[in-house]
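Spelled out from the first residue to the last, the chains are:
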Amino acid sequence: MPIINRIADFHPELTAWRHDIHAHPETAFEEHRTAEFVAARLNEFGIKVHRGLAGTGVVGTLQGSTPGKRAIALRADMDALHVHEKNAFGHASRNAGKMHACGHDGHTTMLLGAARYLAETRNFAGTVHFVFQPAEENEGGGRKMVEDGLFTKFPVESVYGMHNWPGLAVGEFAVRSGPMMACSDSFEIIVAGKGAHAAMPHLGIDPIVIAAQIVTAFQTIVSRNAHPLESGVVTVTQFHAGDAWNVIPPEVVLRGTTRAFKAAVQDLIEERMRAIAEHIGAAYGARIDFRYFRRYPPTVNTEAETELAAGVLQGIVGEAAVRRDILPSMGAEDFSFMLREKPGTYVWIGNGEDRENLHHPGYDFNDEILPLGATYWSRLVETALAKC
Ligand SMILES: [Zn+2]
Ligand SMILES: [Zn+2]
């Protein structure tokens, strides 16, 4: 069961669509042109279109040739990043400072390809919803889709996602049951001491010395508090203080991000960070303002849906090309908000071993894999919603 011939036939059109979207990148919640493009294609295919979830979200609904109560959702993201594109090819970004550096142009196109094929063939029983969401990068468009009633307006038994993965060969996929991507939280800590003349430290409360101890103590959370077989990351990325050689500043601002795969580890990290910051601050007489922001939950694949997807993928590219042995990524993904509501699975499709990494200004989605991704989506629907 290789690439579907009909999809291979319209590969040139898929490439043209992808280039069009790539050349006109739009960032979080401003995907107006992209949403218009998606809705126009779905309309052409004869698919019922619903607009407006999370602002620019688009959902296409298609019934199979056999009626049925069952329904699934396939999800693609549409947004670009605030990156200055370094590529010089014809389809490079025409919107200065914005770029499809994460391949969401390709994700949107692959799902449109499947929608076109499935609308022509309808070889399934029940309903498939094609979900095109805004603002995957940082802004949690996936959460907004769910809050706006994605699964109450479009009830489904399961939901599926896919992301391209540079470093993974063309023709390969990767999927695992359990955590696939980490949760991502952020924090800001203000250490308020008392400024003083640098030569008279006894007259102040030096927030730099205190904040330095807080940063150092944070290193014990993963190494001393979390279970040795559980994963977590605590990274301080900003340490802002002072602007003179001879002045002890009044305060320090620390910022950074944390990652984990399990809610218990995430809770532990937040709890320990707060205790460490507040107690070290108290020990030295500094005031601590601790703020912790829950952003994306972990992306956790359910077993039955993962096995189903892996079986479909093996049918397309063969058993050896479906990597089941991968480590999950410490990156994060807002598809997690959908997987928190419904069973489902999120797979990686190889973008090529020598391709630039995600978010790199020289990145480009690999057009070669467009029909492969569209074939996966199509076969997944025909398998998950197989006619009896
Ligand atoms: Zn990204
Ligand atoms: Zn992405």
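Values in this document were obtained by computation on a predicted structure and should not be read as measured data.

Some words on the coordination of the zinc ion (ligand 2)
Here is step 1 of the chain: Taken together, the protein donors to the zinc ion (ligand 2) comprise C102 (SG), H104 (NE2) and H163 (NE2), at separations of 2.1 to 2.3 Å.
Here is step 2 of the chain: All donor residues of the zinc ion (ligand 2) come from one chain, and their arrangement in sequence is C-x1-H-x58-H.
Here is step 3 of the chain: A separation of 3.2 Å is found between the zinc ion (ligand 2) and the zinc ion (ligand 1), which share C102 as a coordinating residue. H104 carries the same exposure label as C102, and that label is buried.

Notes on the packing of aromatic side chains
Here is step 1 of the chain: Applying the stated rule across the entire model yields eight aromatic pairs.
Here is step 2 of the chain: Taking 6.3 Å as the distance between ring centres and 80 degrees as the angle between the ring planes, the aromatic pair formed by F187 and F218 counts as edge-to-face. You can see F187 sitting in strand β8 (residues 183–192) and its partner F218 sitting in helix α7 (residues 207–225), a full 31 residues away along the chain. Of the two residues examined, F187 and F218, each falls in the buried class.
Here is step 3 of the chain: An aromatic cluster is defined as three or more aromatic residues linked by ring pairs; in this entry it consists of F173, Y376 and W377.
Here is step 4 of the chain: One cation-aromatic arrangement involves R41 over F37; the distance from NZ or CZ to the ring centre is 4.6 Å.
Here is step 5 of the chain: In this arrangement the basic side chain of R116 is found over the ring face of F10, its NZ or CZ atom lying 4.3 Å from the centre.

Conventions we followed
Residues numbered from 1 in each chain as written. Chains lettered and ligands numbered in written order. Predicted model: local features only at pLDDT ≥ 70, side-chain atom pairs only at ≥ 80, totals over all residues. Heavy atoms only, no water. Donors = N, O, S within 2.8 Å, 3.2 Å for Na, K, Ca; no water. Buried < 20%, exposed > 50% of the residue type's maximum accessible area, 1.4 Å probe, protein only. Phe/Tyr/Trp six-rings, centres within 6.5 Å; stacked < 30°, edge-to-face > 60°. Helix = DSSP H or I, 4+ residues; strand = E, 2+ residues; numbered from the N terminus. Lys NZ or Arg CZ within 6 Å of the ring centre and 35° of its normal.

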